[in-house]
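Structural description and commentary
So the chains spell out like this:
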Amino acid sequence: MRISTSMMYDRGLNSVTDRTSKLLKVQDQIARETKILTPADDPAGKAQALSLTERIAQNDQFRKNSELLLNDLQRQESVMSNVTDSLHRAKELFVQAGNGALSPQDRKSVALELEVLRDNVLDMMNAQNENGDYLFSGSQSEVRPFTLDALTGTYEYNGDSSDRKVQVTANQQLQSTSSGAEVFQQSPMELMARVGNYTGAITGGNTFIADRGAWDTFHQANYDKDNAANNVYRVEFNGGTYDVLDAANNVLDTGAYTPGDPVVFNGMEMRVQGTPAAGDEIEFRLSQPKQNAATMLNDMITLLNDPNALQDELGQGIEFSIANLDSVETSLGTARARTGSRMNSAETAVLTNTDFSIANKDTRAKIQDVDYAEAMTELTKQDTALQAAQATFTRITRLSLFDYLR
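Residues numbered from 1 in each chain as written. Predicted model: local features only at pLDDT ≥ 70, side-chain atom pairs only at ≥ 80, totals over all residues. Heavy atoms only, no water.

Per an unreviewed UniProt entry, the chain goes by Flagellar hook-associated protein 3 and derives from Aliidiomarina sedimenti. Listed in UniProt under the heading Sequence similarities (unreviewed entry), the comment for the chain reads: "Belongs to the bacterial flagellin family." (UniProt positions renumbered as here; feature names shortened; annotations may be inferred.)

Turning next to helix 5 (residues 212–222). A turn of α-helix holds 3.6 residues, and therefore any two residues three or four places apart point the same way. Taken as a whole, helix 5 has its buried residues at Trp215, Asp216, Phe218 and His219. All buried residues of helix 5 project into a common sector of 165° when viewed along the axis, lining one side. Turned more than 90 degrees away from the buried face of helix 5 sit Thr217, Gln220 and Ala221, all of them exposed. Looking at the buried residues of helix 5, the elements they touch are strand 6 (193–198), strand 7 (204–209), strand 8 (232–238), strand 11 (263–265), strand 12 (268–273) and strand 13 (281–286). Two or three places before glycine 213, at the start of helix 5, stands the capping residue aspartate 211, its side-chain oxygen 3.3 Å from that residue's backbone nitrogen. (Buried < 20%, exposed > 50% of the residue type's maximum accessible area, 1.4 Å probe, protein only. Helix = DSSP H or I, 4+ residues; strand = E, 2+ residues; numbered from the N terminus. Arc of directions from axis to C-beta. Contact = heavy atoms within 4.5 Å. Polar contact = N/O pair within 3.5 Å; in protein donor to acceptor, adjacent residues only side chain to side chain.)

Moving on, we come to the pattern of salt bridges. Under the defined criterion, the tally for this structure stands at 19 salt bridges. The partner of glutamate 130 in a salt bridge is arginine 75, with the nearest N and O atoms 2.9 Å apart. Separated by 55 residues along the polypeptide, glutamate 130 in the loop between helix 3 (104–125) and strand 1 (146–149) and arginine 75 in helix 2 (residues 43–97) bring together distant segments of the chain. The class of glutamate 130 is exposed, set by a relative accessible area of 51%. (Salt bridge = Lys/Arg side-chain N within 4 Å of Asp/Glu carboxyl O.)

So, about the packing of aromatic side chains. For the structure on display, the rule yields nine aromatic pairs. When the centroid spacing of 5.6 Å and the interplanar angle of 40° are considered together, the rings of tryptophan 215 and phenylalanine 218 count as tilted. A residue pair is termed a helical-turn pair when its members lie 3 or 4 positions apart in one helix, as tryptophan 215 and phenylalanine 218 do in helix 5 at three residues. Phenylalanine 218 shares its class with tryptophan 215; the two are buried. Between tyrosine 233 and phenylalanine 284, the aromatic rings sit 5.5 Å apart at their centres with planes inclined by 10°, giving stacked as the arrangement. With tyrosine 233 in strand 8 and phenylalanine 284 in strand 13, this pair connects stretches of sequence that are 51 residues apart. By relative accessible area, which is 3% here, tyrosine 233 ends up buried. (Phe/Tyr/Trp six-rings, centres within 6.5 Å; stacked < 30°, edge-to-face > 60°.)

Glancing now at empty space enclosed by the protein. Following the criterion strictly, the structure yields two cavities of 30 Å³ or more and no others. Estimated volume of the largest cavity: approximately 60 Å³. Lining the largest cavity are Met189, Glu190, Met192, Arg194, Ser287, Gln288, Gln291, Thr295, Met296, Asp299 and Asn324. The element best represented in the lining of the largest cavity is helix 6 (residues 293–304), accounting for three residues. Grouping the constituent residues of the lining of the largest cavity by class yields three nonpolar, five polar and three charged. Lining the second largest cavity, in full, are Val183, Phe184, Ser187, Ala293, Val328, Ser331 and Leu332. In terms of residues, the lining of the second largest cavity owes the most to one element, helix 7 (residues 311–368), which gives three residues. (1 Å grid on protein atoms, 1.4 Å probe; cavity = no way out; pocket = protein on both sides within 12 Å on 5 of 7 lines; lining within 4 Å. Points joined across faces, edges and corners; volume = space filled by probe spheres on them. Nonpolar A, V, L, I, M, F, W, Y, C, P; charged D, E, K, R; others polar.)

Okay, the pairing of strand 9 (residues 241–245) next. Counting buried positions along strand 9 gives four out of five residues, so the element sits mostly inside the fold. Connecting strand 8 to the antiparallel partner strand 9 that follows it, the hairpin turn spans two residues, and glycine 239 within it adopts a positive phi of roughly 75°. Where strand 9 folds back on strand 10 (residues 251–256), the antiparallel hairpin that results is connected by five residues, among which asparagine 249 adopts a positive phi of roughly 65°. (Pairing = 2+ DSSP bridges.)

In this section: the packing of helix 3 against helix 6. Interaxial distance between helix 3 and helix 6 falls to 9 Å at its minimum, and their mutual angle equals 165°. Taken together, the axis directions place helix 3 and helix 6 in an arrangement best described as roughly antiparallel. For the pair helix 3 and helix 6, the crossing hand works out as left-handed. Residues Arg107, Lys108, Val110, Ala111, Leu114, Glu115, Leu117, Arg118, Val121, Leu122 and Met125 of helix 3 touch helix 6, and the partners they reach there are Ala293, Ala294, Leu297, Asn298, Met300, Ile301 and Leu304. Taken together, the residues that form the contact of helix 3 with helix 6 break down as 13 nonpolar, one polar and four charged. (Axes fitted to C-alpha atoms, helices over the stretch in contact; angles between N-to-C directions. Parallel < 35°, antiparallel > 145°, perpendicular 65-115°, else oblique. Left-handed = near helix turned anticlockwise from the far one by under 90°.)

The biggest cluster of nonpolar side chains holds 41 residues, and the ones touching the most others in it are Leu87 and Leu114. Looking at this core, the elements with two or more residues in it are helix 2, helix 3, strand 2 (154–157), helix 4 (180–183), helix 6 and helix 7. Setting aside anything within four residues of it in sequence, one finds leucine 114 in contact with Ala90, Leu93, Phe94, Leu297, Met300, Ile301 and Leu304. Among the nonpolar cores identified, the runner-up in size contains 22 residues, and Phe218, Val235, Ile282 and Leu286 belong to it. (Core = buried A, V, L, I, M, F, W, Y, C linked by side-chain atoms within 4.5 Å.)

Mapped onto the fold, serine 357 is located in helix 7. Reaching out from serine 357, the side chain makes a polar contact with the side chain of aspartate 60 at a distance of 3.2 Å. Not counting residues within four places of it along the chain, the set of residues in contact with serine 357 comprises Ile56, Asn59 and Asp60.

In structure tokens form, the structure reads like this:
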């Protein structure tokens, strides 16, 4: 076979170029800390590495979601704990207010401290996070959850019952908020009647439940949770008689009236202040079967500040308030338990996502990360091979027939 000078140069150049390319590849692998520089190096390995990278990013995002969720849940649990502490103090004041030796001024002093507790409880029920979003307004995070309805004397819930959820794992979502309806509005209250508007010579009024069975039966049969207007009743005075009318002006009861005597209706006694003239009216409203702590405290404050409240009214009001307080604490305890359960799930999600991320990074490293010991050995090998190819090419290109003619 005839070996031409051109072929000899081509073969030598190809050898040097090939060795240089392999050396540069090893250097690039070390610099980029991966042995898969292009999909062609390991198609299956590259696909697995890309999938693992996506899972790692997903796990990291889920972990961040879980940590933020845990922070929100801890804030909510702290609010509920503080409300519970305030209610414990309120119970002590309720018991103190039941002391028959207290003067009206003493009762007003108790009411002043209850006002502070009520305002603190209301402030916590309207708590916000660091972004200014209300914690207990459901999905309407910009709506103040609880505000006072001056007409009814109750603190009404303005949010909704929706819950926001956060994705904490690929297959799990956790509730990040608890609506005010769920946390604070689920406490069954003693059924009462609230005095509303009045006209003419009437200056006010108080209610007393003389027959709880009869009143509860009437209340449960007639309370309309969907239309508050239907819960308003009127007592209309006609000289020596009175009529009790419903929201549709239907006369439900009629009786004789003597100033100073109570109006009796289905187990409820209304004690009217002033001397009603013919045509004067006074309203009463059916109380909500479920209410919040702020309203319950406000009712007690109103009662203690009422100079016309009789001893039996005070006694019943305190009895009802203590029972309502126990109901609020039970309801709040249930809400705290649910929040605590979600906190445990969020903590588990943080740990799970961290473990998954570590495992996926370890698997990805085994697939694509360069082995430095192996890479340095290969680098030395390719460098030696390149030097050998260069030296060989140099010596061969120096050969000539004239060397044999000397």
